[in-house]
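# Observations on the model geometry
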Amino acid sequence: RHARWIAYFTQSFYHMAILPLLVATVALAYLARPSTNDTFPKGFRRFQIVYLSIWTLCVAADWLQGPFVYALYADYGFTVKEIAELFVAGFGSSLVFGCFVGTFCDKFG
């Protein structure tokens, strides 16, 4: 049974990198957490739980659509290479524009 886990995590670079990256992400998130001595307004904790619960459902729904979008592109006759290029273009544009669009909107409304 132990050998199956080792075989799984050594099958590619991505499989080997996932656990160290997960540990690094959790450690950095913990170290970067905001600290404050301020007291939060009454009801803030409840608001936070409700907001994060709904946000989690929305993100999960977005993740679930991925395979269906792939099937849709394939049904329209796109090749595997073209579908991969569309996904990379979408994620790449999110990477580039997501870095500054929020700040721009906050500053200029």
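Look above for the structure.
Residues numbered from 1 in each chain as written. Predicted model: local features only at pLDDT ≥ 70, side-chain atom pairs only at ≥ 80, totals over all residues. Heavy atoms only, no water.

### Brief notes about the overall build of the chain
For the record, the criterion: Helical segments are the DSSP runs of H or I of at least four residues, strand segments are the runs of E of at least two, and each set is numbered from the N terminus. Our radius of gyration looks at C-alpha atoms and nothing else; its globule reference is 2.2 Å times the residue count to the power 0.38.
Assigned secondary structure in the chain consists of six helices and zero strands. Reading the helices (α) and strands (β) of the chain from amino to carboxyl end gives α-α-α-α-α-α. On C-alpha atoms alone, the chain measures out to a radius of gyration of 20 Å, which is more than a quarter above the 13 Å that the 2.2 N^0.38 rule sets for 109 residues. Counting only C-alpha atoms and orienting by the principal axes, one finds that the chain spans roughly 55 × 45 × 25 Å.

### Here's the deal with the packing of aromatic side chains
Test applied: Between rings of Phe, Tyr and Trp, where Trp is taken as its six-membered ring, a pair exists when centres lie within 6.5 Å; planes separated by under 30 degrees are stacked, by over 60 edge-to-face, and by other angles tilted. Over a ring means this: the NZ of a Lys or the CZ of an Arg is within 6 Å of the ring centre and within 35 degrees of the ring normal.
With the rule as written, the count across this model stands at 11 aromatic pairs. Aromatic side chains Phe87 and Phe91 sit 6.3 Å apart centroid to centroid with 40° between the ring planes, which places their arrangement in the tilted category. On the criterion of helical spacing, the pair formed by Phe87 and Phe91 is a turn pair, its members being four residues apart in helix α5 (residues 80-98). Through a chain of ring-to-ring contacts, the aromatic side chains of Phe40, Phe44, Phe47 and Tyr51 assemble into a single cluster. When the ring centre of Tyr30 is taken as origin, the NZ or CZ atom of Arg33, which lies over that ring, is 3.9 Å away.

Read these as spatial facts, not as claims about activity.
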